Number of protein chains: 2
Amino acid sequence: MRPVNVAILGLGTVGGGTYDILKMNAELIEKRTGRQIRVTKVLDKAVDKCLAKGLTEDMIVDDPEKIFADQEIDIVVEALGGIQPSTDFMLRAMKAGKGVVTPNKAAVAANFDELKKTAEENGVGFRFEACVGGGIPALTAIMEALSGNEFTEVMGILNGTTNYILTKMTDLGLDYDEVLKDAQAKGFAEADPTADVEGIDVANKLSILMALCFDKYVKPSDIPTKGISHITMADIEAAKAKGCKIKLIAKAAVKDGKLEYSVAPMEIENSHPLAGVSNEFNAIYVTGNAVDEVMFYGKGAGALPTGSAIVGDIIAIAKIL
Amino acid sequence: MRPVNVAILGLGTVGGGTYDILKMNAELIEKRTGRQIRVTKVLDKAVDKCLAKGLTEDMIVDDPEKIFADQEIDIVVEALGGIQPSTDFMLRAMKAGKGVVTPNKAAVAANFDELKKTAEENGVGFRFEACVGGGIPALTAIMEALSGNEFTEVMGILNGTTNYILTKMTDLGLDYDEVLKDAQAKGFAEADPTADVEGIDVANKLSILMALCFDKYVKPSDIPTKGISHITMADIEAAKAKGCKIKLIAKAAVKDGKLEYSVAPMEIENSHPLAGVSNEFNAIYVTGNAVDEVMFYGKGAGALPTGSAIVGDIIAIAKIL
């Protein structure tokens, strides 16, 4: 069988991690899938960075049309971030008959229906495991191994920055501002942490989880969302006194036949598996009418963990090419 | 598309749970997969029990050849238990061109290579998610979403009976014998608990995990295996003093290029995610060179959780029919 050719749009942290895994584990992936999976083109303006990674000049393009028009390319990984032009690029790739893989939760949450429909209409694979929980293979499990279940609830700790901050506040008794500064210094929080600490990033992820679990698309901006910037040590102590930990929880549950959903800090009992999810780790906790409770735990960010999810998606699409 | 026809060998706890889920969630499964999945034949001697579940007499057979010879049957679920005749039945079904799904860890661990080879030779699906961790979709994740990883370690709490006993010893300060009696009374332990408490059941599961993670088949009887029947309250207290919990751990890890493996009670630090896996719950903790650490948690037994895994496997095979 001929090799599977992949193009990566954006060779930043996650795109670069994906490239590294495909190179590092190439032999093993070929052995497992029976096909060679190789990156043949990359869209990135930082030519020097790409060359330093071992790409040759002919692989690096600055015009995405060169990728969409390339008949040899089977799968496009969109790792540019942002809603546009990422969404348009994904739609263009699908219409050109290419499978699409993306870790871009903002774009997927904003345009879920259109992306899904366009993939179906063009008979191409569209996978986005890395959008929720980084390397944790929860979305694939929900869509495949657990697909015999009617889901009744999904809960998640879906943002590493906020979970790191809450963990340090709880364990070390430090104030929010102090921990945020420390997190920024360590690279666990961005200079402008708004999207993380106000729950916006988590709302994008919950929108995607709801679409998969309940076949119901809710715009992220329509999800009642509270962040953690108002959480004080008094809140943390009050929770502790009740045998609980405060966690930023994305939650959607069917109650009396109606889907209720929110992103908000919640008191989680210490005996609950989500209470043990500390620091930058993420977890997705799903309840189904057959499987009962199941939890997926791991690293929600980072070049290689997120790349692991993208490579898993590439392999899944390669299998049906 | 025509319906997917399933036969179940053995309508006991797990076979019955599978039947119940396919009935209970039929509409949802058809919507998700685009195909109706229905049970058309069952091998079981307890005709009255089958009729009470709503099967009609023409669906119930006492000769497995009637199932293998039925050209309409696409997938056979082997839920009889025991190594034989279950293995022969699975091989017969594969040779008759039918996909095979099984929760039978003893049979899969004993005959992994032959079952896998026969499925490949006959171009049929062979899936066994329910063999390890009941409803927890860990095997599918290892084989699919995480298949871009080189695995370096797999650890698991893979037996609900022993985890229940160790949890109660730890939390309530009760002796092994006392908790075992309580577990037997509650149905969490069998009248003859040997296979559970001596780690034999766990060794079967570790054999399957190693075959998938490391592409290396080790016979369960060749895995160094210690159970929990010798664990005393003094051991539990000594672990507690070190900030640890004793858990029966299946572990395989690559060390200096060599695969080391064992089943044994181990002291797990309280901060490790596996320490929080209590009572009858199971978990599989995998380390890969891309994803880093990831954990899967849920119910390792029971009619519906185990049935959930089987139905997931049926759907996966149905998709490629």
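Residues numbered from 1 in each chain as written. Chains lettered and ligands numbered in written order. Predicted model: local features only at pLDDT ≥ 70, side-chain atom pairs only at ≥ 80, totals over all residues. Heavy atoms only, no water.

1. Observations regarding the pairing of strand S10 (residues 281-288) of chain A
All names here are of chain A.
Piece 1. Of all the eight residues making up S10, eight are buried; the element is thus mostly covered by neighbouring parts of the structure.
Piece 2. Bridge count between strand S7 (residues 151-157) and S10: six bridges; the pairing is antiparallel. Residue pairing across strands places Gly156 opposite Ile284, the latter belonging to S10.
Piece 3. Bridge analysis of S10 against strand S11 (residues 292-299) gives eight bridges, and the strand direction is antiparallel. The residue bridging Asn282 from the neighbouring strand is Gly298, located in S11. (Buried < 20%, exposed > 50% of the residue type's maximum accessible area, 1.4 Å probe, protein only. Helix = DSSP H or I, 4+ residues; strand = E, 2+ residues; numbered from the N terminus. Pairing = 2+ DSSP bridges.)

2. Focus: the sheet that holds strand S5 (residues 99-101) of chain A
Piece 1. The six strands are arranged S3-S2-S1-S4-S5-S6 (chain A) in an open sheet whose pairing can be described as parallel. Either end of the sheet is taken by a strand with one partner, and the two such strands are strand S3 (60-61) and strand S6 (126-127) of chain A.

3. Looking at the confidence of the model for chain A
Piece 1. For chain A, per-residue confidence averages 97 on the pLDDT scale, and 100% of positions sit at 70 or higher.
Piece 2. We note a pTM of 0.97 for the whole complex and an ipTM of 0.96 for its interfaces. (pLDDT = per-residue confidence, 0-100.)

4. Structural notes on the interface of chain A and chain B
Piece 1. Opposite the 44 residues of chain A that make contact, chain B presents 44 residues.
Piece 2. Between chain A and chain B lies a buried interface of about 3300 Å² when both sides are counted; carbon and sulfur atoms form 53% of it.
Piece 3. Of all residues in chain A, the largest losses of buried area upon contact with chain B belong to Arg32, Ala145 and Tyr297 of chain A, amounting jointly to 17% of the total for that side.
Piece 4. Close ionic contact of Asp215 of chain A with Lys31 of chain B constitutes a salt bridge, the shortest N to O distance being 3.0 Å.
Piece 5. In this structure, the connection of chain A to chain B is made through 16 residue pairs in polar contact (both at pLDDT 80 or more).
Piece 6. Looking at the side of chain A that touches chain B, the elements that each hand over two or more residues are helix H1 (13-24), helix H2 (26-33), helix H8 (138-143), S10, S11 and helix H14 (303-319) of chain A.
Piece 7. Element by element, the count of residues in the side of chain A that touches chain B is highest for S11 of chain A, at eight residues.
Piece 8. Classifying every residue of the side of chain A that touches chain B gives 25 nonpolar, ten polar and nine charged.
Piece 9. Note that S11 of chain A and strand S11 (residues 292-299) of chain B share five bridges and pair antiparallel. When the bridges of S11 of chain B are listed, Val294 of chain A appears paired with Gly298 of chain B. (Contact = heavy atoms within 4.5 Å. Buried area = accessible area lost by both parts, 1.4 Å probe. Salt bridge = Lys/Arg side-chain N within 4 Å of Asp/Glu carboxyl O. Polar contact = N/O pair within 3.5 Å; in protein donor to acceptor, adjacent residues only side chain to side chain. Nonpolar A, V, L, I, M, F, W, Y, C, P; charged D, E, K, R; others polar.)

5. As for the packing of aromatic side chains
Piece 1. Under the counting rule described, the total for this entry stands at 13 aromatic pairs over all chains.
Piece 2. Here the aromatic cluster, defined as three or more aromatic residues joined through ring pairs, consists of Phe112, Phe126, Phe128 and Tyr217 of chain A. (Phe/Tyr/Trp six-rings, centres within 6.5 Å; stacked < 30°, edge-to-face > 60°.)

6. A look at the sheet that holds strand S9 (residues 258-269) of chain B
Piece 1. Strand order in this open sheet of ten strands is S9(A)-S8(A)-S7(A)-S10(A)-S11(A)-S11(B)-S10(B)-S7(B)-S8(B)-S9(B), and the pairing throughout is antiparallel. This sheet does not close on itself; its edge strands, each paired only once, are strand S9 (258-269) of chain A together with S9 of chain B. Strand-to-strand, the axes of this sheet are offset by a mean angle of 15 degrees, without reference to chain direction.
Piece 2. In the sheet, strand S8 (residues 244-255) of chain A pairs with S9 of chain A via twelve bridges, with the strands oriented antiparallel. From the neighbouring strand, Ala252 of chain A faces S9 of chain A, where its bridge partner is Tyr261 of chain A. (Axes fitted to C-alpha atoms, helices over the stretch in contact; angles between N-to-C directions.)

7. Focus: the side chain of Thr162 of chain B
Piece 1. For Thr162 of chain B, the location among the structural elements is in helix H9 (residues 160-172).
Piece 2. When near neighbours in sequence (up to four residues on either side) are disregarded, Thr162 of chain B contacts Asp196, Val197, Ile228 and Leu248 of chain B.

8. Points about the packing of helix H1 (residues 13-24) of chain B against helix H14 (residues 303-319) of chain B
Residue and element names in this part refer to chain B.
Piece 1. For the pair H1 and H14, interaxial distance at closest approach is 8 Å and the crossing angle is 65 degrees. Our pair here, H1 against H14, has a crossing hand that is right-handed. Of H14, the residues touching H1 (which contributes Thr13, Val14, Gly17, Thr18, Asp20, Ile21 and Leu22) are Ala303, Leu304, Thr306, Gly307, Ser308, Ile310, Val311 and Ile314.
Piece 2. Residues that form the contact of H1 with H14 fall into these classes: eight nonpolar, six polar and one charged. (Left-handed = near helix turned anticlockwise from the far one by under 90°.)

9. Section: the state of the cysteines
Piece 1. In the structure shown here, the tally under the stated rule is zero disulfides over all chains.
Piece 2. With no disulfide of its own, Cys213 of chain A lies closest to Cys131 of chain A among cysteine sulfurs, the gap being 14 Å. (Disulfide = S-S within 2.5 Å.)

10. Brief notes about the relation of the copies chain A and chain B
Piece 1. Superposing chain A onto chain B takes a rotation of 180 degrees plus a shift of 0.0 Å along the axis, which leaves an RMSD of 0.0 Å. Overall, the copies show the geometry of a two-fold rotation axis. Closest approach to the rotation axis within chain A is made by the C-alpha atom of Phe296 of chain A, at a distance of 2.4 Å.
Piece 2. Mapped onto chain B, 100% of the interface residues of chain A are again interface residues, and the two copies thus contact each other with one and the same surface. (Least-squares fit on C-alpha atoms with pLDDT ≥ 70 in both.)

11. A short note on the packing of helix H9 (residues 160-172) of chain A against helix H13 (residues 233-241) of chain A
Residues and elements named next belong to chain A.
Piece 1. Between H9 and H13, the least distance of the axes is 10 Å, while the angle of their chain directions is 70 degrees. Classed by the angle they form, the pair H9 and H13 counts as roughly perpendicular. Where H9 approaches H13, its residues Leu166, Met169 and Thr170 are matched on the opposing element by Met233, Ile236 and Lys240.
Piece 2. Split by residue class, the contact of H9 with H13 holds four nonpolar, one polar and one charged. (Parallel < 35°, antiparallel > 145°, perpendicular 65-115°, else oblique.)

12. Observations regarding the pairing of S11 of chain A
Piece 1. With respect to burial, S11 of chain A is a largely interior element, six of its eight residues being buried.
Piece 2. In this antiparallel pair of consecutive strands, S10 of chain A and S11 of chain A, the connection spans three residues.

13. Some points on the environment of Tyr217 of chain B
Residues and elements named next belong to chain B.
Piece 1. Tracing the backbone through its elements, the reader meets Tyr217 in the loop between helix H12 (200-214) and helix H13 (233-241).
Piece 2. Separated by ten residues in the primary sequence, Tyr217 and Ser207 have C-alpha atoms spaced 6.6 Å apart.
Piece 3. The contact partners of Tyr217, leaving out residues within four places of it in the chain, are Ala109, Ala110, Asn111, Phe112, Asp113 and Ser207.
Piece 4. Only 2.5 Å separates the side chain of Tyr217 from the backbone oxygen of Ala109, close enough to count as a polar contact.
Piece 5. Engagement of the side chain of Tyr217 in a polar contact is seen with the backbone oxygen of Ala110, the distance being 3.3 Å.

14. Structural notes on H9 of chain B
Residues and elements named next belong to chain B.
Piece 1. Over its 13 residues, H9 extends 17 Å from the first C-alpha to the last, a length consistent with the 18 Å expected when each residue adds 1.5 Å.
Piece 2. For H9, a buried count of ten out of 13 residues is recorded, marking the element as mostly surrounded by other parts of the structure.
Piece 3. Along H9, the residues that are buried comprise Gly160, Thr161, Thr162, Asn163, Tyr164, Ile165, Leu166, Thr167, Met169 and Thr170.
Piece 4. Here the buried face of H9 lies against strand S7 (151-157), helix H10 (176-186), helix H11 (194-197), H13, strand S8 (244-255) and strand S10 (281-288). (Expected span 1.5 Å × (residues − 1).)

15. Regarding the pattern of salt bridges
All names here are of chain A.
Piece 1. Counting across every chain of the model gives 28 salt bridges over all chains.
Piece 2. Its salt-bridge partner being Lys186, residue Asp182 comes within 3.4 Å of it at the nearest N-O pair. Pair noted here: Asp182 and Lys186 are both in helix H10 (residues 176-186), with a separation of four residues, about one helical turn.
Piece 3. The exposure class assigned to Lys186 is exposed, which follows from its relative accessible area of 52%.

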